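Listed here are the chains, written in short residue letters.
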Amino acid sequence: MPGLEEGVTVWRYRVQDPDRFDKFRVKDLGNGVKITLGRVKGTDRWEIQNYMFDKERFKDRESVRKWLEQHLKSEAQLLLDFRAFNEMRRRFLRAFIEIARID
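The sections below set out a description of the structure shown in this document. Being a predicted model, the structure only gives us computed values, none of them experimental.

1. Side note on the overall build of the chain
Check the secondary structure of the chain and you find two helices and five strands. The secondary structure elements of the chain, listed N-terminal to C-terminal, are β-β-β-β-β-α-α. A burial count over the chain gives 36% of its 103 residues as buried. Total accessible area on the chain stands at roughly 6,700 Å², and carbon and sulfur atoms take up 50% of it.

Below you can see the structure in the form of structure tokens.
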């Protein structure tokens, strides 16, 4: 289920259910942020499953929300500017909409 979860060392913002995937990779984006990519079952397509935020750098939910808003908002604006609603960009837009629900 999508949403923000607090772990011992990281905040995890889940974009998609991990059960949709059969293989995972973690990619370091730098500055205390990593993403988990999952390969969609039955395909060769890789998608973002979650974002992980180091708690030493991101002290609270609000700092995570601000990062997500700043970075995903620019992707959403690109969608609107070019009207390029392909599959990957729709997923980013869905993630942005979900972060608006974080309290």
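We are not done yet, so read on.
2. What about the pattern of salt bridges?
Scanning all chains against the criterion turns up six salt bridges. Between R20 and E47 there is a salt bridge whose closest N-O contact spans 3.2 Å. Taken together, the residues R20 in the loop between β2 (10-14) and β3 (21-30) and E47 in strand β5 (residues 46-54) connect sequence positions 27 residues apart. Here E62 ties to R65 by a salt bridge, and the two come within 2.6 Å at their closest N and O atoms. Within this pair, E62 and its partner R65 are both found in helix α1 (residues 61-82), separated by three residues, close to a single helical turn. A relative accessible area of 35% places E62 in the partly exposed class.

3. Quick notes on the pairing of β5
Two faces belong to every sheet, and in a regular strand the side chains alternate between them. Here β5 lies mainly inside the structure; seven of its nine residues are buried. The pairing of β2 with β5 spans five bridges and is classified as antiparallel. Following the sheet pairing, V10 is matched in β5 by D54. Sheet topology note: the strand β4 (residues 33-40)/β5 ladder contains seven bridges and is antiparallel. Residue pairing across strands places V33 opposite F53, the latter belonging to β5.

About the criteria used
- Residues numbered from 1 in each chain as written.
- Predicted model: local features only at pLDDT ≥ 70, side-chain atom pairs only at ≥ 80, totals over all residues.
- Heavy atoms only, no water.
- Helix = DSSP H or I, 4+ residues; strand = E, 2+ residues; numbered from the N terminus.
- Buried < 20%, exposed > 50% of the residue type's maximum accessible area, 1.4 Å probe, protein only.
- Areas by Shrake-Rupley, 256 points an atom, 1.4 Å probe, with all protein chains shown as cover.
- Salt bridge = Lys/Arg side-chain N within 4 Å of Asp/Glu carboxyl O.
- Pairing = 2+ DSSP bridges.

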